[in-house]
Amino acid sequence: MFHNKYGCLVTLSNNNRTAQRNQPSQEFNNGVVFSKDPLQVDQLFEVTIDKKINSWSGSIEIGVTTCDPNNLQIPASATDFRDGTWVLSGSCILVNGRSIVEDYGYDLDQLNEGDRVGVMCTSTGCLHFYVNGQDFGEASAGIPARVFAVVDMYGKCVQVTVTESVETRIISNEAINVSLAVQNNNHSDASALSSEERLSFHDRCGSLIKLSTDKRTAERRRPLDEFNNGVVMTQRPLRDNEMFEITLDRLVDKWSGSIEVGITTHNPNTMDFPATMTNMRSGTIMMSGCGILTNGKGTRREYGEYNLDELVEADRIGMMRKSNGFLHYYINGVDQGVAATRVPNVVFGVVDLYGMAVQVTIRDNFDEHTISRDCSVDFESRANSLFQQLSRMCITESVEGALPSPDLDSLLFHPHCGCHARVVDGGRAAIRPNAVVDFNNAVVLTNRTLRCNELFEIQIDKIIDKWAGSVEIGVTIHVPIDLDFPSTMTNLRSGTWMMTGNGVINNGTTVLEEYGQNLDRLKMGDKVGVMRKSDGTLHFYVNGVDQGTAAMDIPESVYGVIDLYGQAARAVIVEQSLGADRLAITNGSAASAAAREPPAVLSSSASSSSASSSSAMQLLFHSKHGSNARVTNGGLTASRPNAHGDFNDSIVMSSRPLRDGEVFEVMIEKMVERWSGSIEAGVTTIRPDDIEFPNTMTDIDYEMWMLSGSAIMEDGTTIRNGYACDLDTLTVGSRIGMARLGDGTLHYYVDGRDMGVACLDIPSGVYAVIDLYGQCAQVSVRSDNARVQPEVHARQPVEYDLQPPVSIVEEVTHKFSTCCGKNILLKNGDCTAIRSKSYNHGLLFSLQPMKLDEIFEVQIDSISRQWSGSMQIGVTTYAPQESMSRDILPASAAELAEVGSKVLWMISGAQVTKNNVPMCENYAPCLERLEAGARLGAMVASDGTLHLFLNKEDLGVAATNIPKKVHAVIDVFGSVDTVSVLSSSVAHIPLSFHAGAPLVQFHSQEVFEDEGDIDTKAHPLHEFSDKHGRYIRLSDNNRTATRVGSYNQAVVVSSKPLHRHQLFEVEICRVNPGWSSSLAIGLVGSQLETVPISAFSIKSSAWLVHGASVYHNGIKVKNNFGPNLDTLTSGRVGLLVDAQHCLHLFVNGVDHGEIATNIPLQPYIVIDLYGQCEQVTIVNEESKEGEAEEATLASHDYKEKADIESGKTEKVVSALQVEPAVVRNCEYMKTCSRLIASIGIPGGFLKSDLDTCFCETCHKARGDELYFKGGNPPRDYGIPFGWCRFALKIAPKFENMNPSTNWHMAFHGTRLGAIRKILDSGELLLPGDVALGGKALTPYAQLSGKNKCKEDISQIFLSPSILYVEKDAFAALQEFSDAQSRKKLQARIAFQTCVRPGCYKIGPQSIGASHEIDPHFSNSEIEWFTKERGATALYGLLVKLEQ
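Each chain carries its own residue numbering, running from 1 in the direction its sequence is written. Note on the predicted model: pLDDT of at least 70 is required for a residue's local features to be given, and 80 or more for side-chain atom pairs to be given and counted; whole-chain, interface and lining totals, by contrast, use all residues. To get the side-chain values, all heavy atoms of the structure are used, and hydrogens and water are removed first.

Visitor: What is the right way to look at the overall build of the chain in this model?
Guide: Looking only at helices and strands, one finds 15 helices and 92 strands in the chain. The cut-offs for exposure are 20% and 50% of the maximum accessible area for each residue type, with area from a 1.4 Å probe on protein chains only; residues under the lower value are buried, those over the upper are exposed, and the others partly exposed. Out of the 1443 residues belonging to the chain, those deemed buried represent 54%. The criterion used for residue contact is that any of the two residues' heavy atoms lie within 4.5 Å. Across the chain, the fraction of contacts at a sequence separation of at least 24, relative to all contacts at a separation of at least 6, is 69%. For accessible areas, the Shrake-Rupley method is used with a probe of radius 1.4 Å. Any residue's cover is judged against the shown protein chains and nothing else. Carbon and sulfur atoms make up 48% of the accessible area of the chain, which totals about 61700 Å². Counting from the N terminus, the helices are the DSSP runs of H or I reaching at least four residues and the strands are the DSSP runs of E reaching at least two.

Visitor: I tried to follow the pairing of strand 5 (residues 61-65) on my own but got confused; where do I start?
Guide: Sheet faces and side chains relate simply in a regular strand, where the side chains alternate between the two faces. Of all the five residues making up strand 5, five are buried; the element is thus mostly covered by neighbouring parts of the structure. Neither face of strand 5 is exposed, since E61, G63 and T65 on one face and I62 and V64 on the opposite face are all buried. Examined bridge by bridge, strand 5 and strand 6 (residues 85-89) share five bridges and lie antiparallel to one another. When the sheet's bridge partners are listed, E61 is paired in strand 6 with S89. Sheet topology note: the strand 5/strand 12 (residues 148-152) ladder contains five bridges and is antiparallel. The pairing criterion is simple: DSSP has to find at least two bridges between the two strands.

Visitor: Mind showing me how you'd approach the side chain of N1302 here?
Guide: Tracing the chain through its elements places N1302 in helix 12 (residues 1299-1302). In this structure the side chain of N1302 is engaged in a polar contact, spanning 3.3 Å, whose partner is the backbone oxygen of M1297. Definition of a polar contact: a pair of N or O atoms within 3.5 Å, with one able to donate and the other able to accept a hydrogen when the atoms are protein atoms, and with sequence-neighbouring residues admitted only if both atoms are side-chain atoms.

Visitor: Would you mind showing me how to read the packing of aromatic side chains here?
Guide: The geometry of an aromatic ring pair is captured by two quantities: the separation of the ring centres and the angle between the planes. Paired rings are identified among Phe, Tyr and Trp, the last through its six-membered ring, by centres lying within 6.5 Å, and are further divided according to the angle between planes into stacked (under 30 degrees), edge-to-face (over 60) and tilted (the rest). Summed over all chains, the structure comprises 28 aromatic pairs. Each ring, one from Y1400 and one from W1424, has its centre 4.4 Å from the other, and the planes form 15°; the classification is stacked. Here Y1400, found in the loop between strand 89 (1383-1395) and strand 90 (1401-1403), pairs with W1424, found in strand 91 (residues 1423-1426); they are 24 residues apart in sequence, far enough to count as distant. We note that Y1400, like W1424, is buried. Cluster of aromatic residues (ring-pair linked, three or more members): F28, W56 and Y154.

Visitor: Would you mind going over the side chain of H1144 with me for this structure?
Guide: Mapped onto the fold, H1144 is located in strand 78 (residues 1143-1147). Taking relative accessible area as the criterion, H1144 reaches 9% and is therefore assigned buried. Polar side-chain contacts of H1144 include one of 2.8 Å to the side chain of D1138. Within polar-contact distance, the side chain of H1144 engages the side chain of D1151 at 3.0 Å. Apart from the residues within four sequence positions on either side, H1144 is in contact with G1134, L1135, L1136, D1138, D1151, G1153, E1154 and I1155.

Visitor: Before we go on, may I ask you to explain the sheet that holds strand 19 (residues 284-288) in this structure?
Guide: Each strand in a sheet pairs with another by means of backbone hydrogen bonds, the pair being arranged parallel or else antiparallel. Taken together, six strands build an open sheet; the order of strands is 16-25-18-19-20-21 and the sheet is antiparallel. Edge positions in the open sheet fall to strand 16 (231-237) and strand 21 (297-300), since each of these has one partner strand only. Taking the axes of each pair of neighbouring strands and ignoring which way they run, one obtains an average angle of 25° across the sheet. Where strand 16 meets strand 25 (residues 348-352), four bridges bridge the pair, whose relative direction is antiparallel. In the strand pairing of strand 25, P237 is matched with F348. Lines fitted to C-alpha atoms define the axes here, with helix axes fitted over just the stretch in contact, and angles between the N-to-C directions of these axes take values from 0 to 180 degrees.

Visitor: Honestly, helix 10 (residues 1227-1239) in this entry has me stumped. Any pointers?
Guide: Spacing of three or four residues puts side chains on the same side of an α-helix, whose turn is 3.6 residues. Over its 13 residues, helix 10 runs 19 Å from end to end, which matches the ideal 18 Å to within 8%, given 1.5 Å per residue. Judged by how many residues are buried, helix 10 sits mostly within the fold: 10 of 13 residues are covered. Residues of helix 10 that are buried: M1229, K1230, T1231, C1232, S1233, R1234, L1235, I1236, A1237 and S1238. The positive-phi residue at the C-terminal boundary of helix 10 is G1240, with phi of around 75°. To estimate the expected span of a helix, count its residues, drop one, and scale the result by 1.5 Å.

Visitor: I keep staring at the pairing of strand 66 (residues 976-981) and nothing clicks. Help me out?
Guide: Buried residues dominate strand 66, accounting for six of its six residues. With three bridges joining them, strand 55 (residues 832-835) and strand 66 adopt antiparallel strand pairing. Residue pairing in the sheet places A833 in a bridge with V979 of strand 66. Sheet topology places strand 57 (residues 855-863) next to strand 66; five bridges connect them, and they run antiparallel. From the neighbouring strand, V858 faces strand 66, where its bridge partner is V981.

Visitor: Which parts of the structure should I look at to understand the nonpolar core?
Guide: Soluble globular proteins tend to bury their nonpolar side chains together. Residues grouped as a nonpolar core are buried Ala, Val, Leu, Ile, Met, Phe, Trp, Tyr and Cys residues, joined through side-chain atoms within 4.5 Å. Of all hydrophobic cores here, the largest spans 39 residues; its most connected members are F816, L844, L946 and I970. Every residue in contact with I970, bar those within four places of it in the chain, is listed here: F816, G842, L843, L844, F856, V858, M871, Q872 and I873. Grouped together as the second largest cluster of nonpolar side chains are 38 residues, L1246, W1424, A1431 and L1441 included.

Visitor: What should I look at first to understand unusual backbone geometry in this one?
Guide: Trans peptide bonds make up the majority, and among non-glycine residues the majority have a negative phi. Note that the residue after N1272, namely P1273, is joined by a cis bond; omega there is 5°. Tracing the sequence through the fold places P1273 in the loop between strand 83 (1267-1270) and strand 84 (1275-1278). A positive phi angle, close to 60°, is found at S1077, a residue other than glycine. In this structure, S1077 sits in the loop between strand 72 (1064-1071) and strand 73 (1080-1084). According to the relative accessible area criterion, S1077 is buried, its value standing at 18%. Although it is not a glycine, N1158 sits at a positive phi angle of roughly 55°. According to the relative accessible area criterion, N1158 is partly exposed, its value standing at 30%.

Visitor: Just to check I follow, could you spell out the sheet that holds strand 11 (residues 134-140) for this structure?
Guide: Strand order in this open sheet of seven strands is 1-2-13-4-9-10-11, and the pairing throughout is antiparallel. Edge positions in the sheet fall to strand 1 (10-13) and strand 11, since each has one partner strand and no second. Within the sheet, the average angular offset between the axes of one strand and its neighbour, ignoring direction, is 25°. Pairing between strand 4 (residues 45-52) and strand 13 (residues 157-163): six bridges, direction antiparallel. Bridging across to strand 13, E46 finds its partner in T163.

Visitor: Would you mind going over the pattern of salt bridges with me for this structure?
Guide: For side chains bearing opposite charge, pairing can occur when the charged atoms are close. Salt bridges are counted wherever a side-chain nitrogen of Lys or Arg sits within 4 Å of a carboxyl oxygen of Asp or Glu. Across all of its chains, the model carries 36 salt bridges by this definition. Residue E242 is joined to R236 by a salt bridge in which the shortest nitrogen-to-oxygen separation is 2.7 Å. Across this residue pair, the class does not change: E242 and R236 are buried.

Visitor: Even after reading the chapter, I still don't get the environment of H644, so can you show me in this structure?
Guide: In this fold, H644 is placed in the loop between strand 41 (637-639) and strand 42 (651-653). Judged by relative accessible area, which is 36%, H644 ranks as partly exposed. Once the C-alpha coordinates of H644 and M671 are considered, the two residues, 27 residues apart in sequence, prove to be 10.0 Å apart. Other than its neighbours up to four places away in sequence, H644 contacts E102, V672, R674 and W675.

This is the structure we're talking about:
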C-alpha cells in the first residue's frame, strides 16, 4: 500500500491502496506517492493505471528513492528528486534528475487505463522495470538495499492502485528462486552441485524432446512435422569459467532457422517450458542466428563470425560464464567475444532444438585453460563441408565458362545473378535487359570476396525514368552459387548490409534512416561504391566521397552486391588504381576524388595550387569542442549524443582557418523536437586551442560574428535583426554554409543560395563555428565545399536609413504538394485535387509549411455518395518531399500518424485527434454531413493553437502546443472526391534586399514613440449591432439597449468582435420585479445572420451565463457558478477572454473565474434582456477615466517636453482599466500608478492593459499560486507578491526570440534614476553604464567587500525570488511624495525580466543572510548573475510602497 506522506494534491483511499490526484484538469503535478515500507529484495511493486485524462502531456513516472518520505519535503514531480533517486519517465531512465538512458523499454506515456507498471530491485542491486508483467531488462545497477518505491501521477495520469495479482507473485517468486540458487551455490556441501558432477540434460524439458539414457543427447521427435517445443536445459547451474559445449548431430532441410543456445536464471524444476526460448521475457540470454537476444528482445544484431542458422552437422557450439560476469560463445572452439556483461551468478545452460536442428550431444566440459589449448582444434568436418561447396562452384564455373581467364584476381560480377539481370562484357558490366517492363529481380554479386580497404565501385550507365527508386549497393556473406536470389536484396534476412535511398539496411531492417547522399537521386554517370575497412567498419562512397561509417563489426569474408532496382538499368565496375585520383580513398581518407559542381553562386573551379593538397587541407571539425559534443567519422560529423537530455555545451569549430571565398558548409542530419532554438553558425578569430568553450556561442563576447535565428550578433550583442535566413526554420537535409569574402564581408548560404551580406570588416583567417544548440543534434561537413566567385559580391556602399525598409506585398495562392496519395490527380496548377478511384489513398499536403495566423482553406467541389465517410483536415509535423514516391504514402490519415516519430492533429467527423488518440469530442459539426460547396480551413495561431474554420466560421481552439513548422494535411476520403484550394498567402518582398539594404537600420526616438502610441491605442468603443431582437430599442449611439415589450425576444449582439484581454461590461440600468429570472450574457463564435427569439436557441459556438449556471450551445454544463445574475438589481456584468482563450465572468469588477476554455479568436458578445432585466448600457473606457482623473492631473507636470510640444498625451493611467488581474478601485494600485506617472515614462514602453496588482487583496481575489514554472527547460520563479507590476513591451530586438515563453523569469532591483536608461536599452544595465542624469551605475553594496574581485562586481544580479531582490542591497527604499494623499511614502523599484537559459550562473546569497530567505528556494541557489549583454529582456516594472 501507499505511504501516509504524499504530494499536496494526492488523496488516498481503499485502505491506502488507491491514490488519486485532485484537480486534474487544473493541475498536472504534485501527485507523488511512495510505498508504505522500503522495498524487499526481489519483490515487485506494481500499480495499475485506473484513470487518465488528455488535458496534459506526459504521464505516470515510477522509480525508487533512498529518501525516507517521513523526513522529505516532497517535490512537485518525481524528476525533481535528488540524493539517490532512479526514475523511469517516458522511455528515459533518470538518476537524480539527469538522463542516463534515452531509450529504455516501453514508453510510459503510451500506457492506457488498465495497464500495469512496476519496479523491482534484485538481490544483486540491479533495477528492473515491468510493464504488464514484462521485464524490460536491467535499467541500472548499484541500487542501495533500502529504497522506497516512488510513483508520480503526472500529466495525463490521474489515479493508480497498488496491484497484487497472481502474475505479480509469480514474477517475485522467480526472482527469489534465483536468489536461493545463489545461496545454494555457495554451500560447498551441496551434493547437487558437486565439483565432480558431470553436465547432462535435465529430466524436465520441451514436450517433443527425447533424452538418451545418460541424458547427454537430446533429440526433437517428429522433426519433419514440428519445428519447436524442443527446449532442453542443464541439470545444474553452470560454474564460473565452465564450458558448456554441444555437437550438432543431425539437421533437416525442411525448416528455416536452426539451433539457439544460451543461459537462463529459471530453474528447470519449476519452469513452464515455452515453445521457443526467445518467448521468455525474463532472466534469459540467447544466441539466435547471428544476434544476441536478452529476454526476447534483440540487444546485438551482429555478434561473432558465425551464423548459427548456417552451421552444419558436426559443428560445435559452446558457452561460458566467466568469473567477471561476462558471457562468451565458442564456435568450433573459437571464442566469439563478449556477448553480454553482468550475467547473474546462477544460470543454467539451455539449448533450443529449433527448426533445422534435430539432435545434439553434450561434449566433455573444459575449464578455461583447456579452451586456450583447444584453439588448435581440427576442422575436418568444416573442411569437408567447404570442400564440397568449392567443388560445386568449380563445376558450375567450368560449365558456364563465364569468368574471364586473363586475370583471376580482378574484381568482376559473378555470372550467377537475379533472374532479370545479366552479366556482360566479361563480367565487368551488369544489365537489366527488359528494364522497361521489369523493375526488380536484378541482384548481382561479385565473383570473389572483397579485401580489406578494397573499394567496390560501379558507375551507372543507364537510367529508366519510369520507375521509382534506383540502385542499391552493399555487402553480403552469402556465396553467389548458393544464394537463392531474392527479388530485392533488402528482403534478405541474414548476413547482408545494403545502402538504399539514403538509409542503411541490415538483414532487412533499417538501422540508419538518414545516411549520406540519396541514391535515388543519382544520374547517369554517377558512381557509388562500398568498402570494408581493416577495422571492420563499412563505408559507402558516392562519386568518390566517403559518406561515413554505415556499420561496424563486418565479417572479413563478404561479397560486394548491387541491386539494379527501379531506375538503374546498367552498371559497370570502375577499375581501381593507385593513381592520384584514387590515392585518398585507398588511404581511407574522406576526401573527394573529383570536384562536384557547386551551386550557381559558387565557383566551379578550384585553385590549382591547392588541388594536389586537398586531402591534407580538407575542412573538418576540430578535435577540441564543447563538453556535450562528439566528433566522429574522421572529423566530418559532429553530434550531440544525449540530445534529449542536453540542449547546449555543443560548440564545434573548423579544423583550420577559412581561406578568402571558401565556403564552410554543413548539412543538418538529425533534429529533436524537445527544445526551442536550433543551430547557430558564425566565425571567430580565436583558435580552437585557445578557447574555453562556453555553454552557447552567444556567450563568446569577443572576436565572434554569428547568426542566431535571424539575428546577426557581434561579440554576444545583437547588431541586426531580420536577416534573410532564419536558422530556427531549417530542417533535416538543409545545408547552411558561411564564407568570408576578399572584401571582408561575411555571407551565409542556405542550400547553396547566397543570403546576402551579414557583417562587414571581418578579419582574415577566421575559423568557422557551429553550435549544435536546441533542436539541432547532428551535422556533417559537406566535402564538396567550393570557393565563391569574388566578382559576384562587389561591396556596395552602406547607407543608413531612418525609415523602415520598403517591401512589395504579393499574394500567392496556396497549392497542394505533388507528394500526395496514389489515387490523387492534381490539376489547375496543383490547386485542385481529384481522387480518381477507390475511396482512399487521397492524402494531400500543403506545398509549404503553414504560416502563423494564416488559413489554409479548401472547398469541396464534388461528392460521390457511393462511399461512406468524408474528408478530414488537420496539420502534421510530417514534411512531404516532392521527390517521394506516391506508393510510400499510407492509404489514410490514420495510418500517417504511425509513420516514424511525426505528430498528426486531425479533425475527423466531430472529433479532434492527436496521433489517432481522441483529444476532444463533439468539437465541430460532423464533417460527414458536408455538401459540395462547403469550405473547410485550418489555421495555426501565433499562440500555438489550432483552429478549424467551417464556411469561414471559427469553431474555436481544436488543439494547443502546435509546433511552428507544420504542413496542412487533408484526407480526401469516402464521399468527398474533389477539393480545391481557396486560400492564399501574403508574401512581403523587401526591395532593399536586392538593392543593397543597410546592415543596420536606426530608428529615432520620435519614431519609436509614435509606434508606441499606435500600439497602445485603446480598443474602439463598443456598441450594439443594428441586428437585434423584436422588442429591443437602441439609443445613446447604440450603447444602450431597452426592452420595450414582452419578457423575451430581446437579444442584442455587439457590433465588433471582442479582443483578448478586453473587458466588455454592461451596467444594469432598469429592472422590472414583475417578471421572474433576468438577463443572460455570453459569447458566440461569429456574427449572427439572424437574431433568435432567445439566446438559448443559438446551437453553434455559444457560451451563456444565466442565473448561476453556464450553458454551451443551449445545454447546461455548470451549476452554482459565481453570483446568481437573477438576484442583481443593479451593478455591472462583464466578460473577458484571456491569452489562454479562457472566458471569465466579471460582476462589479471582480473576476469570478473561468467560464469556458478554447474560445474562438473573434467572438461576439450576446446579451438576452430577459425577464426582470429591461435596460442595460455598455460601460466603455471613457466612463472609467473619471476614476483616474486625479492621477492624470498629478502626472501632467511630469510630462516630457517632447510630448507636450507634439500635442500628445500619454495614457499613464491606463493601468487602472479593469482587467482580470486587478480588483476594481484598488487604492494600492492607484497610488503605485501615480508614482509611475510622476516618472513620465513614454506610453511606447508600456503595455497597460496587462498591468497587474499583487497586493494581498488582489492576490486573494484571484486565488493566484505563489510560484510558477516558465521557460525552456522550465524553471521555478515566484510571483511579486506585495508589489504592483506595470507591463512592458518586449524590446524589438527580442521579439523574434519569444522570451516571455522560452526564457526564464527573474527579478532585478534598481532605483528610480536608472529606470529610463534601462527602458531605452530594452535590457538591464551593467555596473559602469550611465543612467539618467549622467550618473554611472555602481556595483551593489554587498559585493564591494575585499573578497570580491573586479570581475565579480561587474555583473547583473538577479533572482527568481522577489523576497531576495526586495532587500536593501538590491532595491533600496526611496522617498516618494503622493500628491493626492499628501503623504510621504517609501518605494522600492525592481524589474521583472526574462533571462535567456544557459547565459547565467547560479550561486548562493551574497547579502550575509543567516536565515532562510524564501522557503521555495535554497539560499545556496537563490542568486543568479550574468555579465552578458542581450541576455535579459524587460517584462515588467515593479513598484512596492511602504509607509
